[in-house]
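Results of the structural survey
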Amino acid sequence: MCIRDRGGAGAGQLIQVVMNMLQNQQGGLGGLLQQFQNAGLGDQAASWVGTGQNMPVNGDQVTSALGSGTLSDIASQLGMSQGQASGALAGILPQLIDQLTPHGQVTEQHNSLDGLAALAGKLLR
């Protein structure tokens with residue numbers, strides 16, 4: 001499955017912004033998934049990591065999980081409104097996290113800067 005462009009920014013730009021967010025976030029991918037769990041979206045987040053069908057999220061749910069401050073920063077980086085950014089992230093996060101966790105689990109590699117940089121390189125090829 002390839003990651004498709006969602007919204008005004010290209011898929012590569014979206015992936016880069018998400019990977020930067022993961023690298024700058026406490027706990028890496030595990031920390032991001034925890035934010036979705038804390039926002040009541042644990043089933044969706046678990047489906048992205050698992051090997052089954054990915055459950056969708058919408059822009060409002062992404063905003064709830066990430067917070068408006070983080071979303072504002074992301075929107076600024078992408079050159080779009082917060083609503084557009086949350087929609088774009090809602091479209092790409094399930095696929096991206098699914099591809100980052102092909103064996104259905106988050107590993108220590110996913111939570112380290114070096115591991116995330118290596119994964120980003122593979123996805124951006």
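Reading the values: the criteria
Residues numbered from 1 in each chain as written. Predicted model: local features only at pLDDT ≥ 70, side-chain atom pairs only at ≥ 80, totals over all residues. Heavy atoms only, no water. Helix = DSSP H or I, 4+ residues; strand = E, 2+ residues; numbered from the N terminus. Buried < 20%, exposed > 50% of the residue type's maximum accessible area, 1.4 Å probe, protein only. Polar contact = N/O pair within 3.5 Å; in protein donor to acceptor, adjacent residues only side chain to side chain. Arc of directions from axis to C-beta. Contact = heavy atoms within 4.5 Å. Phe/Tyr/Trp six-rings, centres within 6.5 Å; stacked < 30°, edge-to-face > 60°. Core = buried A, V, L, I, M, F, W, Y, C linked by side-chain atoms within 4.5 Å.

1. Notes on the side chain of Ser86
- Turning to its location among the elements, Ser86 is positioned in helix α6 (residues 82-100).
- Taking relative accessible area as the criterion, Ser86 reaches 5% and is therefore assigned buried.
- A distance of 3.0 Å separates a polar side-chain atom of Ser86 from the backbone oxygen of Gly83.

2. What to know about helix α4 (residues 59-66)
- Turning to α4, its buried residues are Gly59, Val62, Ala65 and Leu66. Seen from one end, α4 has its buried residues packed into an arc of 125°, which puts them on one side. Among the exposed residues of α4, those pointing more than 90 degrees away from its buried face are Asp60 and Ser64.
- Along its buried surface, α4 packs onto α1 (11-24), α2 (28-38), α5 (68-78) and α6.
- Capping of α4 at its N-terminal end is provided by Asn58; its side-chain oxygen lies 3.0 Å from the backbone amide nitrogen of Asp60.
- Phi turns positive one or two residues past the end of α4, at Gly67, with a value near 90°.

3. Thoughts on the packing of aromatic side chains
- This model, assessed by the stated rule, comprises one aromatic pair.
- Judged by centre distance (5.2 Å) and plane angle (75°), the ring pair of Phe36 and Trp48 falls under edge-to-face. One end of the pair, Phe36, is in helix α2; the other, Trp48, is in helix α3 (residues 42-49), with 12 residues separating them in the sequence.
- For Trp48, a relative accessible area of 0% puts it in the buried group.

4. Things to note about the nonpolar core
- Residues Leu32, Phe36, Leu66, Ile74, Leu89, Leu93 and Ile97 are the most contacted members of the largest nonpolar core, which totals 33 residues.
- Mapped onto this core, the elements with two or more residues apiece are α1, α2, α3, α4, α5 and α6.
- For this core, the element with the most residues is α6, which contributes nine residues.
- Among residues more than four places away in sequence, those in contact with Leu66 are Met21, Leu32, Gln35, Phe36, Ile74 and Leu89.

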